[in-house]
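# Structural overview for review
One-letter residues, chain by chain:
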Amino acid sequence: MIDRRLHGVVAIAVGAFLVTLAALVRLYVYPSAMLLPAEHDRITRMSSESGTYFDTAALRTRRGVPIDVAIARYGDLVRSTADVAVWTEFVSVQTRTGDRVDYHERRAAFDRRTGQAVDCCDGYEDADPRPRPRGLVFRWPLDTRPISHPVYDPLARRAVTARFEAIETLYGVRVQRYTQRLVNERLRQPAMNLPGTVFGLEEPGEVPATAYLDGTRTFWVEPASGMVIGVRENLVKTLRTDDGRGSLVLFSADLRTSSGDERWNAGEAGHFRSWSVVVGTVVPLSLALPGLVALLLGLRRQFRPGDPRPEPGESAGTAAGREPLPADA
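Remember, predicted model here, so these are calculated numbers, not experimental data. (Residues numbered from 1 in each chain as written. Predicted model: local features only at pLDDT ≥ 70, side-chain atom pairs only at ≥ 80, totals over all residues. Heavy atoms only, no water.)

## Considerations on the nonpolar core
Within the largest apolar cluster, 20 residues are counted, with the highest numbers of intra-cluster contacts made by Ile-67, Val-69, Trp-140 and Phe-219. Contributions of two or more residues to this core are made by β1 (41-55), β2 (60-75), β3 (84-95), β11 (206-222), β12 (227-241) and β13 (247-257). When near neighbours in sequence (up to four residues on either side) are disregarded, Val-69 contacts Thr-44, Arg-45, Met-46, Val-91, Ser-92, Val-93 and Leu-255. Ranked by size, the runner-up nonpolar core spans 16 residues in total, among them Phe-54, Leu-194, Leu-213 and Leu-235. (Core = buried A, V, L, I, M, F, W, Y, C linked by side-chain atoms within 4.5 Å. Buried < 20%, exposed > 50% of the residue type's maximum accessible area, 1.4 Å probe, protein only. Helix = DSSP H or I, 4+ residues; strand = E, 2+ residues; numbered from the N terminus. Contact = heavy atoms within 4.5 Å.)

Here it is as structure tokens:
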């Protein structure tokens, strides 16, 4: 009986340890490991086979031009912390023959759980040293919910709502599709002074003009990882004189992330989802189930009634169910 109860105590102790370890993995290790990455070093490309842009050097509009966009993003591990990631982005827009059309750069920090912008760490956007971004920047939150999200637009310098539209499959990964719509969005960049003749005006001198943005931007987001698998930008940037009498197309293109980048992003998102399932579900269950079995066995051994004791005046043999030996035996 002593051995049986000792085995029960050991089983209870082992079971309690495994169940506690499972709870720690699920409630503490898993959440602490589920963070958006601070480390990043990648160039993503977008392209359009037929774009339009205003050549400021030649003062003429060029149409039907193939456009390539390179987006380079680098994580700053020195300034990043356990809660905040800091990335720098460089965007180069050029024709396929190498002529520069546009260029932007920015540095922004974001919360490593929610993807929301954080105002810190010497952020900047082009010549603006204090842009104060709001909304999502670079990455979407882990376990993204299929609802509307505010996504920061570096051209408009404000958060623009991205509305959830549908669930789709992209390169074997289930994604959520969101769309931003921009209508008559005045861009916060310095006014351009151009000859009035390029706007169809009779004035020979230069006139100031401001840039505006219209169109849609579509995101395909893998919800578990918050990774943007692909982006489509069908945008038109116009330049309008301040008096409203003249306008021209500054840039127009239907851009889409390259298929190679989308496939790579989908693969990375799939790996993350598999890893999160292993850490968040498989490991806790593989610890909790044998732990519960050990607990039940230990409790059964510990509290199961022992062999019946003989009544007073009853011999051990009788108690065991055997006939007593004759007295003369």
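## Topic: the pattern of salt bridges
Close approach of charged atoms lets side chains of opposite charge pair. Evaluation of the coordinates by the stated rule reveals 25 salt bridges. Between Arg-113 and Asp-83 there is a salt bridge, with the nearest N and O atoms lying 3.5 Å from each other. Residue Arg-113 is found in the loop between β4 (100-111) and β5 (117-118), and its partner Asp-83 is found in the loop between β2 and β3; the two are separated by 30 residues along the sequence. On the basis of relative accessible area, Asp-83 is assigned to the partly exposed category, the value being 43%. Among the salt bridges present, the one from Arg-177 reaches Glu-165, with a minimum N-O distance of 3.0 Å. With Arg-177 in strand β9 (residues 173-186) and Glu-165 in strand β8 (residues 158-170), the pair connects residues that are 12 residues apart, well separated along the chain. Owing to a relative accessible area of 32%, Glu-165 belongs among the partly exposed residues under this scheme. (Salt bridge = Lys/Arg side-chain N within 4 Å of Asp/Glu carboxyl O.)

## With respect to the environment of Thr-20
Inspection of the secondary structure assignment puts Thr-20 in helix α1 (residues 2-33). The partly exposed category is assigned to Thr-20, whose relative accessible area is 46%.

## Observations concerning a nonpolar patch on the surface
A cluster of nonpolar side chains, namely Leu-6, Val-10 and Val-14, defines an oily patch on the protein surface of about 250 Å² accessible area. Residue position: Val-14 is located in helix α1. Under the relative-accessibility criterion, Val-14 is labelled partly exposed at 41%. (Patch = residues over 30% accessible without salt bridge, like charges linked within 9 Å, V, L, I, M, F, W, Y side chains within 5 Å. Areas by Shrake-Rupley, 256 points an atom, 1.4 Å probe, with all protein chains shown as cover.)

## Focus on the layout of surface pockets
Gaps left between atoms are located by rolling a probe of water-molecule size over the structure's atoms. Taken as a whole, the second largest pocket holds about 540 Å³ of empty space. Lining the second largest pocket are 24 residues, and of these Val-101, Asp-102, His-104, Gln-189 and Met-192 sit closest to its centre. Of all the secondary-structure elements, those providing two or more residues to the lining of the second largest pocket are β1, β4 and β13. Sorting elements by how many residues they give to the lining of the second largest pocket places β4 first, with 5 residues. Among the residues forming the lining of the second largest pocket, the class breakdown is 11 nonpolar, 3 polar and 10 charged. (1 Å grid on protein atoms, 1.4 Å probe; cavity = no way out; pocket = protein on both sides within 12 Å on 5 of 7 lines; lining within 4 Å. Points joined across faces, edges and corners; volume = space filled by probe spheres on them. Nonpolar A, V, L, I, M, F, W, Y, C, P; charged D, E, K, R; others polar.)

## Examining the pairing of β11
A regular strand carries its side chains on alternate faces of the sheet. Burial within β11 is extensive, with 12 of its 17 residues counted as buried. As judged from the 9 bridges shared by β9 and β11, these two strands associate in the antiparallel manner. For Leu-182, the partnering residue across the bridge sits in β11 and is Gly-215. As consecutive antiparallel partners, β11 and β12 are separated by 4 residues, and within that stretch Gly-226 has a phi angle of approximately 75°, a positive value. (Pairing = 2+ DSSP bridges.)

## Let's talk about the state of the cysteines
Considering all chains together, one arrives at 1 disulfide under this definition. The disulfide bridge from Cys-120 ends at Cys-121, spanning 2.5 Å between sulfur atoms. Disulfide Cys-120-Cys-121: torsion about the S-S bond near -65°, hence left-handed. Among the residues examined, Cys-121 registers a relative accessible area of 14% and is labelled buried. (Disulfide = S-S within 2.5 Å.)

## Examining the packing of aromatic side chains
Counting across every chain of the model gives 7 aromatic pairs. On the numbers, 5.6 Å between centres and 55° between planes, the contact of Trp-140 with Phe-219 is tilted. Of this pair, Trp-140 sits in the loop between β6 (124-125) and β7 (149-153) while Phe-219 is found in strand β11, placing the two residues 79 residues apart along the sequence. Overall, Trp-140 belongs to the buried group, its relative accessible area being 2%. Through a chain of ring-to-ring contacts, three or more aromatic side chains come together here, namely Trp-140, Phe-164, Tyr-178 and Phe-219. In this structure, Arg-42 packs its charged tip against the face of Trp-264, placed 3.7 Å from the ring centre. Positioned over the ring face of Trp-220 is Arg-256, at 4.1 Å from the centre of the ring. (Phe/Tyr/Trp six-rings, centres within 6.5 Å; stacked < 30°, edge-to-face > 60°. Lys NZ or Arg CZ within 6 Å of the ring centre and 35° of its normal.)

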